[in-house]
Each structure stands twice: as structure tokens, then as C-alpha cells.
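# Examining the three-dimensional arrangement
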Amino acid sequence: MDSMSYKRNHSLDIARMVATLTVVMIHCSATFVVNYKQYTSEFIFGNLFDSISRIGVPLFLMISGSLFLDEHREVTLKGIFLKNIKSIAIITIIWAIIYSSVYNVIFPLLTSETINAKMFLNGIVNGHYHMWYLYMIIGLYIITPFLKKFVCKENKGMILFFIIISLCVQFFTPVINAICELGLNLSFINTWLNKFHLDFFGGYITYFFVGWYIVHIGIKQKWIRYIIYSLGAISLLSIFFYVYFTCDYNNAYNNIGLPVFVYSVSVFLALNNIRFNFKEKTAKKLMNLSKLTFGVYIIHILVLSIYSKLFPYRRYSALYIVVCFAIVVCSSFLISYVISKIPVLKKFIK
């Protein structure tokens, strides 16, 4: 969602595209996991596509971390409030009003339902369900100037130590909860860890640090990278099969759970280590598509809702999800492109 001011890192453009596509896929497939019974084809294919797509939000966070924590990029408290936070806050308010108007006014009118003023106001205050990311990223932007005082290559060891502590304190918690769901009561471990009150190591800051570390420090040893790739593949399989056998998608799909973390980091690491030698024309097209990703993110839920109403699911879940995904992605990119060409509106999708 951000661009570098000097030499452009095309690996981040690719990662941003992957993140956008996977976020859309989550919303196309999640309803099949939530609304259908275990072992049905709908549940199985929904879980398959959803599990694969769980890298979306983590990738966005690692991309932002690699950019905002870059030592060559000046980030001040005043600058980030006046530029980044102000613009994203305005965009959040505007889209919250748009979504609340559509879902709590327009859709009810079309179906002759009563308009609920309380729900309308609540929608404006809290935003639509997919807009939680905007509120969260504002929080990360607020803390970024403080992180910049700490993040540098000289402190890479301390940052790696922070990541390791965070994995033990925060990312391991959903794993313990998942094990408890399987019948083995290990909740005392979480209770014991909470006694230390290591809240400083919580939240999404860890993804910021990992993104910075991978892009600016890197992992030189191939054997370590291959281990991470292998662990990423194992993590993906564990997410799918755990949900398949337990239906406990809350713990398995958790962005701050260890399986999603390892899987996401392995993908980001792989993308960062692939050398994309694009021709100038191709690189420009990729850059232009990358600039539309925020528009796709913010618009695709509305497109998905309209598609679902026009073409409700009847059979062949895998085909339905793929077709739905393709149409929503293409439509969202097209709408974002059109809006980007309108001077008055283009600032609302950037």
C-alpha cells in the first residue's frame, strides 16, 4: 500500500498483489467454512481456499514494516500524523459512511425493510467488517516514529530477540488454545505466561519487524531459508487439516497464531529472494496495478455482496468460489482503475 521513494522493490509489488488477491479469496471462501457442515464439499473447498489465503493481512503488514522502518526513509511524529494518519483516517470515515449507507439504508430500501438508524450510526463508527485493518494500521502508524528510534541494522540482534519473545508470548497462545480443543488441557501455560504481563511484545508490531528484517537484513544461509520454507508448507497443511477435523477456524486462521505466522513469513521470504527482472514496460504495468490494490481491498466486499445476491450459490462449491473470486477481482480492479482516473475521487482509493 506504500511505495518506495528511491529504487523500487518489485518483490514488494508482487507481495502486495499476492496479499490483495488472497484477502479477496478469504472473503469469497469464508462463508463456506462458517455456514456449511463439516466434511461437506462446501466446507472442504472453503477451508482449502481459506487456508491458502491466510497470508493476506500478514503480507500487507510485512510490506508496510519494510517500508516505514527503512533507515533511509525519514519518519517523524509530525509528518506521520499530518500525512499518513490524517489521510487514512479521512478515507476510513468516508468509506465507513459509504458502506453503512449501502448496507443499512440502500439494501433495506430495495428489500422493503425498515431502516435502523442505530445500525446506520454504528456502521459509521465501527466501519464495515473488513475495515478493521484500517483502524489497526492507524495504530501501527502512531507507534512507527517510536519504533524508528530503535530499528536499525546495528540493533538487528535485539529486533530478532523481540520477534522470538513475541512468538513465545503471543503467537503460541492460539496453538495452546487449539491443543485444548483437541482434549489436552494446557491452558495453564497461557495462564503462567500472562503472569509476566509482557504485553509490549503483543499486537501486530512483530510483523512490522519481520518485514523490515527480511528486506533489509535478509537470511543469507540457504539451508535456513529452506527450513523456513518447509516449516511454512507444514504450517499450511496444519491449518487446513486442523480445521478439517475440528472446525475450529478461529484458532487456526488467527493472524497472530504461529501456523499463520510461519506460513506467511515463508511466503514473504520466498518472494523477497526471487529476483524479478522485469522489462521497463512490464515493471510499469506492475507498479500501476500495485497502486490499485488499496482500491481493490476497500471495494471488493461491496462487489462480492452484489455478486452473491445476483448469483447465489447452488452447487459445485469449488467452481463457484473460483468464478466468484475471478469476477470480484476483475471488477474491483476495473472500478478502482476508473476511480483513479477521476481527479476528485482518486484520493479515496490510495
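Look above for the structure.
Attention in this report is confined to the structure presented alongside it. Source: prediction; values computed, not measured.

## So, the overall build of the chain
- Each helix and strand counted, the chain has 16 helices and zero strands in total.
- For 350 residues, the compact-globule formula gives about 20 Å, and the C-alpha radius of gyration of the chain, at 21 Å, lands near that figure.
- Based on the C-alpha atoms only, the size of the chain along its principal axes is roughly 60 × 55 × 45 Å.
- Counting all 350 residues of the chain, 48% fall into the buried class.

## Considering a nonpolar patch on the surface
- On the surface, a nonpolar cluster with roughly 540 Å² of combined accessible area is contributed by Leu334, Tyr337, Val338, Ile342, Val344 and Leu345.
- Exposure remark for Val344: the relative accessible area of 60% places this residue in the exposed category.

## Comments concerning unusual backbone geometry
- Its identity is not glycine, yet Tyr39 carries a phi of approximately 75°, on the positive side.
- Here Tyr39 is to be found in the loop between helix H1 (10–35) and helix H2 (41–52).
- Tyr39 sits in the partly exposed class, given a relative accessible area of 45%.
- The phi torsion at Tyr316 lies on the positive side, around 55°, for a residue other than glycine.
- Take Tyr316: it is sitting in the loop between helix H15 (293–310) and helix H16 (317–340).

## A word on the packing of aromatic side chains
- What the rule picks out here adds up to 34 aromatic pairs.
- A ring pair is formed by Tyr103 and Phe107, whose centres lie 5.2 Å apart and whose planes are at 75°; its orientation type is edge-to-face. Within this pair, Tyr103 and its partner Phe107 are both found in helix H4 (residues 77–110), separated by four residues, close to a single helical turn.
- Ring centres of Phe171 and Phe261 lie 4.7 Å apart, and the angle between their planes is 55°; this geometry places the pair in the tilted category.

## Here's the deal with the packing of helix H3 (residues 56–68) against helix H10 (residues 205–217)
- With their axes 7 Å apart at the nearest point, H3 and H10 run at an angle of 60° to one another. Classified by the interaxial angle, the pair formed by H3 and H10 is oblique. Classified by chirality, the crossing of H10 by H3 is right-handed. Across the interface between the two elements, Pro58, Leu61, Met62, Ser64, Gly65 and Ser66 from H3 touch Tyr207, Phe208, Val210, Gly211, Trp212, Val215 and His216 from H10.
- Within the contact of H3 with H10, the residues separate by chemical class into eight nonpolar, five polar and no charged.

## A closer look at the packing of H4 against H15
- Between H4 and H15, whose axes approach to 12 Å, the crossing angle comes to 5°. Classed by the angle they form, the pair H4 and H15 counts as roughly parallel. On H15, the residues touching Ile91, Trp95, Tyr99, Val102, Tyr103 and Phe107 of H4 are Phe294, Ile298, Ile299, His300, Ile301, Leu302, Ser305 and Lys309.
- Among the residues making up the contact of H4 with H15, the classes are represented as eleven nonpolar, two polar and one charged.

Cut-offs and rules
Per-chain numbering applies: the sequence of each chain, read as written, is numbered from 1 onward. Local features in a predicted model are, by the rule used here, given only for residues with pLDDT of at least 70; side-chain atom pairs are given and counted only at 80 or more, and totals for whole chains, interfaces and linings are based on all residues. By convention in this description, side-chain values take in all heavy atoms of the structure and omit both hydrogens and water. Going along the chain from the N terminus, every DSSP run of H or I of four or more residues is numbered as a helix, and every run of E of two or more is numbered as a strand. The size measure is the radius of gyration over C-alpha atoms, and the globule rule it meets is 2.2 Å times the number of residues to the 0.38 power. Remark: exposure states derive from per-residue accessible area (1.4 Å probe, protein chains only) relative to the maximum for the residue type, with buried under 20%, exposed over 50%, and partly exposed in between. Patch building starts from residues that exceed 30% relative accessible area and form no salt bridge, then joins like charges within 9 Å and nonpolar side chains (Val, Leu, Ile, Met, Phe, Trp, Tyr) within 5 Å. Areas reported here follow the Shrake-Rupley algorithm with a probe of radius 1.4 Å; residue values treat only the protein chains shown as occluding. What counts as a salt bridge is simple: a side-chain nitrogen of Lys or Arg found within 4 Å of a carboxyl oxygen of Asp or Glu. Each pair of aromatic rings taken from Phe, Tyr and Trp, with Trp reduced to its six-membered ring, is defined by centres within 6.5 Å and is described as stacked if the planes are under 30 degrees apart, edge-to-face if over 60, and tilted in the remaining cases. Interaxial angles span 0 to 180 degrees and are taken between N-to-C directions of axes, which are lines fitted to C-alpha atoms, for helices over the stretch in contact. Just so you know how the angles are binned, under 35 degrees is roughly parallel, over 145 roughly antiparallel, 65 to 115 roughly perpendicular, and the rest oblique. Note: crossing handedness is left-handed where the near helix turns anticlockwise from the far helix by less than a right angle, and right-handed where it turns clockwise. Pairs of residues are marked as contacts when any of their non-hydrogen atoms sit within 4.5 Å. Side-chain classes follow a simple rule in which Ala, Val, Leu, Ile, Met, Phe, Trp, Tyr, Cys and Pro form the nonpolar group, Asp, Glu, Lys and Arg form the charged group, and the remainder, Gly included, forms the polar group.

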